[in-house]
Every structure is written in structure tokens, then in C-alpha cells.
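# Close look at the chain arrangement
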Amino acid sequence: GILNETGHQTALSLNDLDLLCRAAGFQVIEKKRFMFSPIGFPAERFLERALGPFGLKWIMANQLLVARKDE
């Protein structure tokens, strides 16, 4: 219900992405939520740093997961 565009089928949580990567044999290097707004604005980095210590990273609009798979 968050994304109404036809190309979006499922909204995955950061934990969902983590589980999918690990199940495919990837090692998760880093994962985090970032950017209060999906498009960003001048005080974005300040808000990220300010909200983090209060456990409010869950309200960030974007997700990043970095993983690697050794061959």
C-alpha cells in the first residue's frame, strides 16, 4: 500500500532483504536505513544523526544493504 506504481510488487523490510541475501549465500557487510525523506533535503544528514541515538531509524525512508558472496 505504500508504493502504488505498477512496477512495485512487494515492499521488503531491511530484515527481509537480510534474510534473502543470507539464504542465497551472501555475507551481509552492512545494513541501515537512511534519509528521512525519499528525495532528500538540506538537513537530511543532521536528522539522521539526531534520530539515531533515540532508536528512531525505523522512520527513515530508504534502505541500504551491502553484501558479498565469495566464489
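Nothing here was measured: the structure is a model prediction, and the numbers come from that model.

Our next topic: the confidence of the model for the protein. Residues with a pLDDT of 70 or more make up 77% of the protein, whose mean pLDDT is 80. Looking at the elements of the protein, mean pLDDT is at its lowest for helix α2 (residues 44–51), recorded as 78, and at its highest for helix α1 (residues 14–23), recorded as 94.

Bringing a nonpolar patch on the surface into the picture now. Together, I29, L64 and V66 make up an exposed nonpolar region whose accessible area comes to about 210 Å². Position of I29 among the secondary structure elements: in strand β1 (residues 27–34). Since its relative accessible area comes to 45%, I29 is described here as partly exposed.

So, on to α1. Taken residue by residue, α1 has L14, D18 and C21 as its buried positions. For α1, the angular spread of the buried residues around the axis is 70 degrees, confining them to a single face. Exposed positions of α1 whose direction lies more than 90 degrees from the buried face are N15, L19, L20 and A23. Where α1 is buried, its residues touch β1 and β2 (62–68). Just beyond α1, the residue with positive phi is G25, at close to 90 degrees.

Definitions and cut-offs
- Residues numbered from 1 in each chain as written.
- Predicted model: local features only at pLDDT ≥ 70, side-chain atom pairs only at ≥ 80, totals over all residues.
- Heavy atoms only, no water.
- pLDDT = per-residue confidence, 0-100.
- Helix = DSSP H or I, 4+ residues; strand = E, 2+ residues; numbered from the N terminus.
- Patch = residues over 30% accessible without salt bridge, like charges linked within 9 Å, V, L, I, M, F, W, Y side chains within 5 Å.
- Areas by Shrake-Rupley, 256 points an atom, 1.4 Å probe, with all protein chains shown as cover.
- Salt bridge = Lys/Arg side-chain N within 4 Å of Asp/Glu carboxyl O.
- Buried < 20%, exposed > 50% of the residue type's maximum accessible area, 1.4 Å probe, protein only.
- Arc of directions from axis to C-beta.
- Contact = heavy atoms within 4.5 Å.

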